[in-house]
Amino acid sequence: MATPAAGTLVSTIDVGARIDDITDATGWLGTLADEQGWPDATRFALELSLEEALTNVVSYGFAGTDRQPHIRIECWRLPEGRVAVRLIDNGVPFDPTSIAEPVVPDSIEDARIGGHGVQLMRHFLETLDYSREGEENQLTLVANAAG
Amino acid sequence: MHIEREQVGSDVVLKVAGRLDTPNAKPFEASLMEVVSMTDGGIVVNLAGVDYVSSSGLRALLVAGKAMRGAKRKLALSSLQPQIREVFDISGFSTLFEIN
């Protein structure tokens, strides 16, 4: 989904590229959840997914590059009670949708540290779409807010 | 995030409140690992006051869980709220930890 053509842009925010800046993004989303009256499950799904996606961007998107980070987040209201949160960054190309599901380990000794963020996004979201547009990653998270 | 520590028999009970998100994950992991290194009994992490957990929070628990298993000590979790339990179930962590 390159452009939520049938949607209405509700709000945007620019955030920094440090771990602590994630709080700005989740706080912004929480305010939107209150204003828009999203069900608790929708709020949880979008907040968790945005945090997981943004953690990847700030942790790896600009490592080893000298580019000035630009990270923008948009919230769109879509038809049929759905909500899209789109994360746009100018980090290195990274497609979370290409990440394989981690194998469920048999024991704590075998458990791999990491790799669970995308698994959680896939579970809690209706759709998760990625595209590379020019120098930007665009990741669109869609959840149902109809309740 | 807030953590209260209490000795119950041979176990240390950690009552965690707040969000186990990415910004809080490192301090949470540091608190857990301090208890792992400073005590020699079991550890119970009471999550009744936790209303949000992301994969970063899971990661902190896994780091502590591996250290405890290596030392043949018990690390149990208790009192998970339904949404938190769902995150544990989806990621397969429910089978890795004793959950009361």
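Structure's up top.
The structure reproduced in this document is the subject of the present report. These numbers come from a predicted model, not from an experiment.

## What about the interface of chain A and chain B?
- In this assembly, 28 residues from chain A lie in contact with 27 residues from chain B.
- Considering only the surface of chain A that becomes buried against chain B, Phe 44, Ile 108 and Ile 113 of chain A emerge as the three largest contributors, covering 31% of it.
- The interface formed by chain A and chain B holds two salt bridges in total.
- Here Arg 69 of chain B ties to Glu 109 of chain A by a salt bridge, and the two come within 3.5 Å at their closest N and O atoms.

## Notes on the pairing of strand 4 (residues 75-78) of chain B
Residues and elements named next belong to chain B.
- On strand 4, burial covers both faces: Leu 75 and Leu 77 on one face and Ala 76 and Ser 78 on the other are all buried.
- In the sheet, strand 3 (residues 43-53) pairs with strand 4 via four bridges, with the strands oriented parallel. Residue Ile 43 lies in a different strand from strand 4, and its bridge partner there is Leu 75.
- Handedness of the crossover joining strand 3 and strand 4 through helix 2 (residues 55-70): right-handed.
- The sheet contact formed by strand 4 and strand 5 (residues 98-99) spans two bridges and is parallel. Within strand 5, the residue paired with Ala 76 across the bridge is Glu 98.
- Viewed along the sheet, the connection from strand 4 through helix 3 (residues 82-91) into strand 5 turns out right-handed.

## Quick word on the side chain of Asn 137 of chain A
All names here are of chain A.
- Inspection of the secondary structure puts Asn 137 in strand 5 (residues 136-144).
- On the accessibility criterion, Asn 137 (4% relative accessible area) is buried.
- A polar side-chain atom of Asn 137 sits 3.1 Å from the main-chain amide nitrogen of Phe 94.
- Setting aside residues up to four positions removed in sequence, Asn 137 forms contacts with Leu 87, Ile 88, Asp 89, Gly 91, Val 92, Pro 93, Phe 94, Tyr 130, Ser 131 and Arg 132.

## As for helix 3 of chain B
- Those residues of helix 3 of chain B lying buried are Ile 84, Val 87, Phe 88 and Ser 91 of chain B. Along helix 3 of chain B, the residues classed as buried sweep out an arc of 95° about the axis, all on the same side.
- Tucked into the core, helix 3 of chain B has its buried residues touching helix 2 (40-60) and helix 3 (117-124) of chain A together with strand 3, helix 2 and strand 4 of chain B.
- After helix 3 of chain B finishes, the residue Gly 92 of chain B shows a positive phi value of roughly 85°.

Each value, and the rule that gives it
Residues numbered from 1 in each chain as written. Chains lettered and ligands numbered in written order. Predicted model: local features only at pLDDT ≥ 70, side-chain atom pairs only at ≥ 80, totals over all residues. Heavy atoms only, no water. Contact = heavy atoms within 4.5 Å. Buried area = accessible area lost by both parts, 1.4 Å probe. Salt bridge = Lys/Arg side-chain N within 4 Å of Asp/Glu carboxyl O. Buried < 20%, exposed > 50% of the residue type's maximum accessible area, 1.4 Å probe, protein only. Helix = DSSP H or I, 4+ residues; strand = E, 2+ residues; numbered from the N terminus. Pairing = 2+ DSSP bridges. Right-handed = clockwise from strand over helix to strand, strands pointing away. Polar contact = N/O pair within 3.5 Å; in protein donor to acceptor, adjacent residues only side chain to side chain. Arc of directions from axis to C-beta.

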